[in-house]
Every structure is written in structure tokens, then in C-alpha cells.
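Okay, here's what each chain looks like letter by letter:
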Amino acid sequence: MENSYLAIDIGASSGRHILGRVVDGRMQLEEIHRFDNRQVRSGGHDCWDVDHLWQGILDGLKACKAKGVIPATVGIDTWAVDFVLLDSAGKRLGDAVAYRDGRTAGMDERVEALIPPQSLYAKTGIQKQLFNTIYQLAALQKEHPEQLEAAHSLLMIPDYFNYLLTGVQKQEYTNATSTGLVNAVKKTWDRELLDTLGLPRRLFGPLSMPGTVVGPLREEIAKEVGFQTTVILPATHDTGSAFLAVPARDDNAVYLSSGTWSLLGVENRDPITTEESRRQNFTNEGGAWHRFRYLKNIMGLWMIQSIRRELNGVDYVAGKERAAWTLDVKAGERQWSFPDLIAAAESAADFPSVVDANDDAFLAPDSMIAAVQKACAGSGQAVPRTVGELMQCVYRSLTRCYRDAIAGLSALTGRQYTSINIVGGGCQDNYLNHMTAQVTGLPVYAGPVEGTAIGNLVIQMIHGGEFADLAAARHSIRESFDIKEVLPQ
Ligand code: ADP
Ligand code: LRH
């Protein structure tokens, strides 16, 4: 009987437990459990409900047991940049504030007073995003210095769950780079930078690479879920896992990890930290085997998720006031699925307005619907008044960003890209796939949907001896999953 491996992949919109096996060289997946991810208002901030996520993790492990499957190893990946602080007894200090919370407003100026942005980028190669950990820590220094003083350790969200599972605290490299505090050349925390920012060195320990064993489940956890297993580190940054699973056919493909965010880029051996790269805000995120993901964050399906929630009358952050908007329908009048929204967009195919999807106005608006309408009005374009017009505008805006990012990438790397590989939940959106092919003029290869979980499993499977290396694992992915080809017309 083949070994099973368990990926626990938690995105900003949902978490899932995916079991993987290799049978005759092919990867087989089975979804065991899925749970929603939500935010709550606490202490005046938008926070992740980490207790709810922890319960989801345990429930999924119990579901494995109920199915009679004991995974050889388990790995957790989540979205990046967010963290918790623990005291000397390993207890959480404060909330797990979510990256879209407003606490980082103005924190770039605070950091820039200590280190010029050019020097920061030259050291870390990380794009400027106001939600990066570096700015979140600046906010904490201002609002809750006592939490930092009392803190004994800083754990990124997946590191924290690994700690709850095993009692072992490890800081994983790929996710650590998303903090904006890791030196791109040395591949360790940049101590000089930590000192410049006045961050306590004790919070930043040795970094562990994907493939490192964290440890066995704590006794009481093993008892609760009904089995013992070993927790290991995948690329714990979800995008790091997703890029590992891209079944590109050659070196001229751009990768697009399509979920809450659209992460568009390529893999490089070395970081590109030139001034032009900084100006275009491309990032060099650390990957497994010290590869770099050279990519751009594009606002992504977050815009569609937000519109859907508003139409369906669901709060994005529990306990936060809902903002007003007007369209041809009212909140909660009917429930919209993603395919319903696609059909609406198709019915307004001629609606021409386009907004800059990467404008900060769309990062955490009180109402995404109102924000898109306002941006259209502000740029003198037709304002969407129906769900279809609104969706058409979002699709056009996103795909235009994809096109521009590929042009930027080409200019910065001096390479010509000839296809786009899309993985993640968003590759199920055929309308988006078609428009992406059309607007970029490039063939799109869509799939696998569970790219992130597969990338998580790849590290576990190499560790477990199923594949010799990444090339062998990628070959198997190409053979194992249905990849849809969409050609520009
Ligand atoms: P994350 O991991 O960031 O939480 P996912 O990779 O799960 O995100 O992608 C979620 C997105 O996938 C949704 O916001 C939606 O836009 C898209 N999606 C999911 N299912 C469908 C579907 N059936 N049709 C079209 N789009 C879909
Ligand atoms: C995608 C992601 C992305 C980060 C953002 C915070 O889930 O990890 O790579 O920039 O979330």
C-alpha cells in the first residue's frame, strides 16, 4: 500500500486538507476536509480567527482518521506576512492582526525615516506592500511596544500552527522572506536591518528550509486526532508551494498563482534587486532550494470575492460595519455563485470601463462595489450600474494588469515569454482564462486547481522518497493532472 501525505493548505478565503499518494508514478489527490477562513474585529483591528483555523486543522486530521488513512507526514502552508508573538511560556500575546487591517497606514514613512527604500530593496529584494511584516512590526512598535517587549518568539502563521501541533518552534525560510527582513543574498535575517529598525534580535532565530522535520505530534494532539504522524515543513508560504507545482513545458512560461491574489512571475536562480526592478515593484521571494520567485502581486480574485460577499449580504469581517452601495440588485436579494457572476459579466461584454486593479483603493475598501464605481467615475468613464457591468469591468481590469505585468517582467529579465501557466482556485474561471489569453495574446495552460496543496505535497513526497527531485515531481504533475489549453483568438 502506498504512503499517504497530507497537505493542509490555508488561503485567505478557505482552508483544505488534501491527501496525496503516488501510484505508478502518478499523483493522486483526495480532498478530506474544507473549512472557511474568516476575520473578526478585535481590539479595534481586523484579525484572523486563528482559534477557528486551529479547530479546522484538528477537524481535518480527525477526518483522516475517520477515513482510515494515517498520513506519513503532514505539512501546513498559509498566506504570507502575518504572524503572532508568543511569551516565554509559549502563550499568544495579542491578536493575529490580518494584513489588510489599517494599522500599517503611514508605517512606510516610519520605516523610511530609518532606512531609504532603495537600501531596503537592495538588501531584501522584497516589493513594497504596506502590509508586509516589516510595516506591521512598525505599527506594533507604535501601538503595543509592551507586546514586543514581552515577546519571546515571533512565529509566522504556519510556524505557529506547527508549534501547536508539535510543541516545536521553527521559523521557515520561504515565509520568512515575506517579512521584508531577510537578506536576499545571505538568506538569513538581516541583523543590521533588525538593529536599524530597533527590533529585538531574540525574535529572529535560525531559518529552516522546506523539507525540515518539525517533529511528531504532541502526545495530547495525537490522542485527540487518533493517530501519530510527523510534521514537516513544505514551502510554508502558499505561493512558494504553488510555484513548485506549476507544470510548465519550457522556460519561457510565466506562472500565475490565481487565488485571493494573482501572483504573476517566474522562478530565478538569483535575486534581481536593481533600481528599475524596485520601481516596478517586482519582488524576489525566497523559494525551496533557494530559488527566487520573481513576481508581482496583482489584486486578484479578492475583488470578485469581495463583490460576491457584498451581493450575498455576508460580512467580510465579522463585527465590522457593512458599507452602502447601489446596483440593480440589493444585498442578499439572491445568492450569487462564481459561475453566476461569470454569466453576468458575459451578458455585459461591451461594457468598456477599466480601473487600475492594483490601486490601494481596492486593498481593503469598505465596499468593493462602491470602490470600483468611484474609480470609474473619477476617471471619467461609464459607471457600472448592473452586476454584469461591474464584473465586466473587474475582468477587464485584472487581465490588463496581467498584460502589463508580463510586459514589465519581459523588460526586467530581458526574456520573451510565450505562454502562461495558471494554477489555483482561479484557474477554474474559464471566462478569466479566455480573457487572459485574449488580452495578453498568449496561450494559457490552466491547472491544476489545487496547485498550492500539490506543491506542499511535493516537498513531503521528495522527503518520503517518492520522487528523486523537483524535476521528477513536476514531470509527474504534468502526467497526473488535466491541464486545459486556452488559445488567444
Ligand atoms: P485562496 O487559496 O487564496 O483562498 P483559492 O485558490 O481557493 O484562493 O481561489 C479562490 C477563488 O477561485 C475564488 O475567489 C474564485 O474567484 C475562484 N473560483 C473558485 N471556484 C470557482 C468556480 N467554480 N468558477 C470560477 N471561479 C472559481
Ligand atoms: C497569497 C499570499 C501572497 C502574499 C499575500 C499576503 O495567498 O501569500 O503571496 O503576498 O498572500
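Residues numbered from 1 in each chain as written. Chains lettered and ligands numbered in written order. Predicted model: local features only at pLDDT ≥ 70, side-chain atom pairs only at ≥ 80, totals over all residues.

The secondary structure content of the protein amounts to 18 helices and 21 strands. Relative to a compact globule of 489 residues, whose C-alpha radius of gyration would be 23 Å, the protein shows 22 Å and is just as compact. Based on the C-alpha atoms only, the size of the protein along its principal axes is roughly 60 × 55 × 50 Å. Each of the 489 residues in the protein was classed as buried or not, and the buried ones make up 49%. Restricting the contact set of the protein to residue pairs at least 6 apart, pairs at least 24 apart contribute 73%. (Helix = DSSP H or I, 4+ residues; strand = E, 2+ residues; numbered from the N terminus. Rg over C-alpha atoms; globule rule 2.2 N^0.38 Å. Buried ≥ 20, exposed ≤ 12 C-beta atoms within 10 Å, placed from the backbone. Contact = placed C-beta atoms within 7 Å.)

Before going further, it helps to spend a moment on the site of ligand 1. For ligand 1, the set of nearby residues contains 16 residues, the closest of which are G11, S13, G259, T260 and G425. Contributions of two or more residues to the shell around ligand 1 are made by α12 (302-312) and α13 (338-346). The residue inventory of the shell around ligand 1, partitioned by class, reads five nonpolar, 10 polar and one charged. In this structure, the shell around ligand 1 is formed jointly by two domains, domain 1 (5-232) and domain 2 (248-447), each of which donates at least three residues. (Near = placed C-beta within 6 Å. Nonpolar A, V, L, I, M, F, W, Y, C, P; charged D, E, K, R; others polar. Domains from an automatic or database assignment.)

Okay, the sheet that holds strand β21 (residues 484-486) next. The strand order across the open sheet built from seven strands is β16-β17-β15-β14-β19-β20-β21, with neighbouring strands paired in mixed fashion. Each edge of the open sheet is held by one strand with a lone partner, namely β16 (283-286) and β21. Looking at each pair of strands side by side, their axes are set apart by 30 degrees on average, direction ignored. Relative to strand β17 (residues 292-298), β16 runs antiparallel, the two being bridged by four bridges. Within β17, the residue paired with E285 across the bridge is R293. Here helix α16 (residues 430-440) sits on the sheet and contacts β19 (419-423), β20 (444-446) and β21; the angle it forms with β20, its principal contact strand, is near 160 degrees. (Pairing = 2+ DSSP bridges. Axes fitted to C-alpha atoms, helices over the stretch in contact; angles between N-to-C directions.)

Here we come to the UniProt feature "domain: Carbohydrate kinase FGGY N-terminal" (unreviewed entry) in the protein. Taken from the UniProt record, the annotation "domain: Carbohydrate kinase FGGY N-terminal" (unreviewed entry) applies to residues 5-244. With 35% helix and 26% strand, residues 5-244 has end C-alpha atoms that lie 16 Å from one another. (UniProt positions renumbered as here; feature names shortened; annotations may be inferred.)

This part takes up the site of ligand 2. As a structural note, the neighbourhood of ligand 2 is formed by 14 residues, with W79, A80, V81, T239 and W261 the closest of them. When the residues that make up the shell around ligand 2 are grouped by side-chain class, the tally is seven nonpolar, six polar and one charged. Structurally, the shell around ligand 2 is a two-domain feature, drawing no fewer than three residues from each of domain 1 (5-232) and domain 2 (248-447).

Moving on to the environment of E146. Looking at where E146 falls in the secondary structure, it is placed in helix α5 (residues 145-150). With 11 C-beta atoms packed within 10 Å, E146 lands in the exposed category. When the C-alpha atoms of E146 and K320 are compared, they prove to be 26 Å apart, with 174 residues separating the residues in sequence.

A few words now on the UniProt feature "domain: Carbohydrate kinase FGGY C-terminal" (unreviewed entry) in the protein. The UniProt entry lists residues 255-462 under the feature "domain: Carbohydrate kinase FGGY C-terminal" (unreviewed entry), expressed in the numbering used here. Note that residues 255-462 is 41% helix and 15% strand, and that its end C-alpha atoms are spaced 22 Å apart.

Across soluble globular proteins, nonpolar side chains have a tendency to be buried as a group. Counting residues in hydrophobic clusters, the biggest one holds 133 residues, and the most contacted among them are I298, M303, V372 and V394. Broken down by element, this core gets its largest block of residues, 12 residues, from helix α15 (residues 387-413). Residue-level mapping places this core at the junction of two domains, with at least three residues from each of domain 1 (5-232) and domain 2 (248-447). (Core = buried A, V, L, I, M, F, W, Y, C linked by C-beta atoms within 7 Å.)

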